[in-house]
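Listed here are the chains, written in short residue letters.
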Amino acid sequence: MAHSARRDSPELPDLSLLKRLVRDQLIYLLEQLPGKKDLFIDSDLMSPLDRIANVSTLKQHEVDKLYKVEHKPIVSISDQICFLIRPRIQTVKWICDVVNADKAAGKFRRYKIIFTPQKFYACEAVLEEQGVFGDVTTDEWAFYLLPLDEDIISLELPEFFRDNFLAGDQRWVRTAGSALHLLHSLFGPFSKVYGIGRCSKMTYESWREQVEQGEQKARHAEIGNVFLIDRDVDFVTPLCSQVVYEGLVDDIFRIKCGCVEFGPEVTSSDKSIKVMLNSQDKVFNEIRNEHFSNVFGFLSQKARNLQTAYDKRRGMDIQQMKTFVSEELKGLKQEHRLLSLHISASESIMKKKTKQDFQELLKTEHCLLEGFEIRECISFIEEHINRQVSMIESLRLLCLLSVTENALCLIRPVSCAGFRQSYGADHLLTFSNLRQLGLLVEQQPGETLTVMESKVGKLVNDRTAVKLTDAFSSLAKKSHFRALSKKLNLVPKSDEEYDLRVPRDMAYIFSGAYIPLSCKIIEQVLERDSWTGLEEVTRLINGHEFAVTGADPKSKSDAQRIILVMFLGGCTFSEISALRFLGKERGYKFIVVTTAITNSSRLLEALLDNNV
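A few points on the structure. Keep in mind that this is a model prediction, so the values were computed, not measured.

1. Comments concerning helix H22 (residues 481-488)
Argument step 1. Here H22 has its buried residues at Phe-481, Leu-484, Ser-485 and Leu-488. All buried residues of H22 lie within an arc of 100 degrees about the axis, which places them on one face of the element.
Argument step 2. Positive phi appears at Asn-489, one or two residues downstream of H22, with a value of about 55 degrees.

2. Remarks on the pairing of strand S9 (residues 225-230)
Regular strands place their side chains on alternate faces of the sheet.
Argument step 1. With six of six residues buried, S9 is to be regarded as a mostly interior element.
Argument step 2. Burial along S9 is two-sided: the face carrying Asn-225, Phe-227 and Ile-229 and the face carrying Val-226, Leu-228 and Asp-230 are both buried.
Argument step 3. Two strands pair when backbone bridges link them, and S9 and strand S13 (residues 562-568) are joined in this way by six bridges, in the parallel orientation. Looking across to S13, one finds that Val-226 is bridged to Leu-564.

3. Digging into the environment of Arg-20
Argument step 1. Relative to the helices and strands, Arg-20 is located in helix H1 (residues 16-31).
Argument step 2. Separated by 32 residues in sequence, Arg-20 and Ile-52 place their C-alpha atoms 7.8 Å apart.
Argument step 3. Looking at Arg-20, its side chain comes within polar contact range of the side chain of Ser-16, at 3.1 Å.

4. Quick notes on the side chain of Ser-76
Argument step 1. Here Ser-76 shows up in the loop between strand S2 (63-68) and strand S3 (80-85).
Argument step 2. One polar contact links Ser-76 to Asp-38, side chain to side chain, over a distance of 2.5 Å.
Argument step 3. Reaching out from Ser-76, the side chain makes a polar contact with the backbone nitrogen of Ser-78 at a distance of 3.2 Å.
Argument step 4. Not counting the four nearest positions on each side in its chain, Ser-76 is found in contact with Asp-38, Phe-40, Tyr-67, Ile-81 and Arg-109.

5. Digging into the sheet that holds S3
Argument step 1. Strand order in the open sheet made by the five strands is S2-S1-S3-S4-S5, with parallel pairing throughout. Each edge of the sheet is formed by a strand with only one pairing partner; in this case those strands are S2 and strand S5 (136-140). Across the sheet, the mean angle separating the axes of adjacent strands is 20 degrees when strand polarity is ignored.
Argument step 2. Here five bridges tie strand S4 (residues 110-115) to S5, and the two strands are oriented parallel to one another.

About the cut-offs
- Residues numbered from 1 in each chain as written.
- Predicted model: local features only at pLDDT ≥ 70, side-chain atom pairs only at ≥ 80, totals over all residues.
- Heavy atoms only, no water.
- Buried < 20%, exposed > 50% of the residue type's maximum accessible area, 1.4 Å probe, protein only.
- Helix = DSSP H or I, 4+ residues; strand = E, 2+ residues; numbered from the N terminus.
- Arc of directions from axis to C-beta.
- Pairing = 2+ DSSP bridges.
- Polar contact = N/O pair within 3.5 Å; in protein donor to acceptor, adjacent residues only side chain to side chain.
- Contact = heavy atoms within 4.5 Å.
- Axes fitted to C-alpha atoms, helices over the stretch in contact; angles between N-to-C directions.

What follows is the structure, encoded as structure tokens:
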């Protein structure tokens, strides 16, 4: 059932080295403040920190009490306080308030601020403005990369997407460049670096600058090629519903830092359970990349195999029983516990995802991707909005229609006005954000009618067409998805049935309806060993593409078949599954580095107007 890997697949480098490095650095920084101290931690750093150094490790280095940063007066009575924070001005102002309140009350304490992954000048300027610069010591914890699994590394910077692509704030580019530099220093030198997107180009330049400033050491490379890709190169993929098991678990239960919390509906008790989802979980590892329709078959077979393993106990003599208990029983019990959880999680997913609504939703998405039955799709989206099913889902469908068909004009003003009526007029800024990113595609006034507009007459009656004429005069930016789809064969021909049990290409991750654009670009560039022949594709994407040769590109070592793909702005579990499939087909191993794991909900929530 799981796809069999080529026997000559190369071994992945040991990414646990990254954890050890940042743990040692954190311990060193904590020891710079000798004696007992209280540690205040930014809320979004608590889960990543738990993966690096647990509470007992912190206690060993004289951390007395742990608190979450809550932007209110503190209750700590310690003489020494350490703040572990992201470099955010709002948090620095709160720290200034804490220090000034202590000074006003006549309290003397020692304060240390550890910024991670780096400190910005703006934060130090706030300390100076508030008159506390001399009262605190500041440091940097270079926590750039968190390995989530043997082939996934995250920068855990979900704000990267909004800051860079919407606000145009490029402060995190240096961080991404530093992360790449760290990987290069540990696992390089890289033979070739490919990239597409403006942010990718800047990240590459930041990395090269750091390489040139640093010391060059000759060593054996463990990673051969690198591919940098911006999230805005492909918005279609994260807007699609995920149907591989790991993607569905993320969509429904929200995977955070490689860990998921299963609630009472899965645990069949009144308690929630946190489960690490990685390749160490044997059950999960075999189903994570599978289309959901195959998962139950695998789980039932696994249950039968476990029962057979348990049944071996019968007829054993004492010595055999002792060996069984000491060597196998613990592993079988652990596997049984995980199997039960994944079966319950699958049942919970099944209840939510096999409803008629979800099947119609998938059908609508597939029609949009294929460019068929657009009129019916528009009706479904409008009905979805009118029924107030889910604001994020409605936005997702509007955006998917817009970027696949350049057809938002067909549903405005009816649906956009309907959206405001259904979900409130306070989402005007959200619509502005979506337009700015090209997720709601509009024309400039005076632009001539396109082929798409000529189709309107076939889709709607004359009376409606008159009402829609004005919509065409307000279009801003055009999507080229249909041209890209044709050029790259993103939508497989539907003249034969797609067997999801034996996938033939990366389209299986979307039920055979669509090959993710991001992964297809990577496949094509690696196949050609350059951007040659993809000029039309890069023109349509407006991609700032580049390819740079580094150290010994003709080397035939295993490292040449290990490809590091860095997604700037987030990556979905579906894309990771697609790259794993591609790697098994071509004899590559992919390591995915992402600024954060994303999905349609996270992507759109980052653009909501209340997220200013």
